[in-house]
Amino acid sequence: MRIAVIGSGYVGLVSAVCFAEIGHDVVSVDNDSAKIAALERGEVPIHEHHPPELLKRHRGGRLRFSTSIDKSVKDVDAVFITVGTPQSETGEADLSFVEAVAYEIAAAIERPTLIVEKSTVPVRTCDSLRKTLLLNGAKSGTFSVASNPEFLREGTAVLDFLYPDRIVVGVDDETSAKIMQEIYAPLTTGSYYSNKDAIKFDGPTAPKARIIVTNAKSAELIKHASNAFLAMKISFINAVANISEAVGADITQVCAGIGSDTRIGSKFLNAGIGYGGSCFPKDVQAFHAVAMQCGYDFGLLTEVMQINEEQRRRFLKKVRSALWTLRGKQLGVLGLAFKGDTDDIRESPAIAIIEALLKEGCSVKVFDPAATSRAKETLPQKGVTYANDPYDAATGSDALLILTEWKEFAQLDLAKLHAGLKYPIVLDGRNLYRPEQMAAAGLIYHSIGRASGVPEHMAGVLDRTHSGVDGTPVTSTRRQ
Ligand code: UDX
């Protein structure tokens, strides 16, 4: 198939290289000429494992780049719209980029073309897109509109595309269904997986990807509802973690217990300092706004967002409790990105916590394997220094904070960490260690939803059942 992908951001670029990888002729379009020039040179602007390899494989062959929508959409079978849908001031998704692209597509298409929205959009966007295309010159009968939501995660985006749990295709006519089925056939028939050069998956996989064909509105709803459900799962477990902490239970044991019920599932049950990123915060808010417009107050989502905010405040309270006073203290910080394996700091809980600590008069010495240069653009210069590695961040610090779940932060040399720290205190917002393990290494360890780890020689003085070393239970600060 011949495919144009409009927008070369995260979703657009990953989709373009993956469509080329499964055998299609692809043109990736963006109005940012510097970005297109960089891609043409083989440079990848995002921190992801496979795009550089796929770009090298297909650039100049099945994959081209362009800054012109007009020239790119004239002779293709399908146009995927993957431009940004940022959050507006009212919490709704701002669809002005989608609309602007629709004007250009409408003026350019000459032959039957399927226009597919892949950006995260509110339900009923397909209807608005269809209307906009018609009003701007696209002739009825020359185009159809479909929804094909993307479920890729940053850090594993290419694998999520090529080995999806499911492919959701929302169409309102048979021809569109056939085109979408043909586009994804290499995955749904499994032919891609038998190709010897196929990108390999490092876990158990199904021999074929599953495709779910729905109407367009259902597909749009599936995207928002999926992200909102996952965010709800995280907030739910964070709320349970707070109870677990109060009663002296262990949230990792609780998760193992509830997650092994196949109806619940063990994924996305890691308690911590809450979710961030470019999707969950924006999508939960947008879904709430969509519900309101439909006349339904989706109060559950309000609570999901509040619990998420509350997790950061509770963590800050733990830091205060562990250190008694904060003014003038130096804190080593591991993690800036909103999660591990990415350089993305958008809506990162780590950044929010660092900013709050700076306001309270601390200085921070931070380390992140990938997100430092992006963080430098956001964080103030005053009070922030950048460390070369985790041990450098710990050296001379009054305590060490773990704020992002990078795999390398879970495998540190604890003796070396201990030796560098001024006080042997670690506050882990991602539960990367077991409290006993940290206590055995001589570290006072506070995490989420578990008793603190206290070294043997301090056990008589410090209370393990509370989250703060001064014995003050950390309580909710949320106003009722
Ligand atoms: C998410 C969705 O997973 C993906 O399907 C969608 O297409 C885009 O949004 P992403 O934002 O890349 O992907 O990150 P994800 O791995 O989902 O993590 C989101 C946030 O939740 C991160 O801040 C992460 O640290 C946090 N998280 C995740 C938890 O706190 N606990 C968990 O158990 C899982």
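No experiment lies behind these values; they were computed from the predicted model shown.

On to the packing of helix α1 (residues 10-21) against helix α3 (residues 51-58), then. Contact pair α1 / α3: the axes reach a minimum separation of 10 Å and the direction vectors enclose 50 degrees. As judged from the angle between their axes, α1 and α3 are oblique. Helix-helix and strand crossings are classified by hand; for α1 and α3 the assignment is left-handed. Residue-level contacts link Val17, Cys18, Ala20 and Glu21 of α1 to Leu54, Leu55, Arg57 and His58 of α3. Residue composition of the contact of α1 with α3, grouped by class: five nonpolar, one polar and two charged.

Below, the discussion takes up the domain arrangement of the chain. Segmentation of the chain into domains returns domain 1 (2-214), domain 2 (235-306) and domain 3 (311-479). Centre-to-centre, using C-alpha coordinates, domain 2 lies 22 Å away from domain 3. Counting residues at the interface gives 20 residues for domain 2, matched by 23 residues for domain 3. For the pair domain 2 and domain 3, the number of links is two salt bridges. Put simply, domain 2 and domain 3 have eleven residue pairs in polar contact (both at pLDDT 80 or more) between them. Secondary-structure elements contributing two or more residues to the side of domain 2 that touches domain 3 are α10 (216-247), α11 (251-259) and α13 (299-323). Take the side of domain 2 that touches domain 3: its biggest share by element is five residues, from α10. Across the side of domain 2 that touches domain 3, the residue classes tally to seven nonpolar, ten polar and three charged.

Criteria and cut-off values
Residues numbered from 1 in each chain as written. Predicted model: local features only at pLDDT ≥ 70, side-chain atom pairs only at ≥ 80, totals over all residues. Heavy atoms only, no water. Axes fitted to C-alpha atoms, helices over the stretch in contact; angles between N-to-C directions. Helix = DSSP H or I, 4+ residues; strand = E, 2+ residues; numbered from the N terminus. Parallel < 35°, antiparallel > 145°, perpendicular 65-115°, else oblique. Left-handed = near helix turned anticlockwise from the far one by under 90°. Contact = heavy atoms within 4.5 Å. Nonpolar A, V, L, I, M, F, W, Y, C, P; charged D, E, K, R; others polar. Domains from an automatic or database assignment. Salt bridge = Lys/Arg side-chain N within 4 Å of Asp/Glu carboxyl O. Polar contact = N/O pair within 3.5 Å; in protein donor to acceptor, adjacent residues only side chain to side chain.

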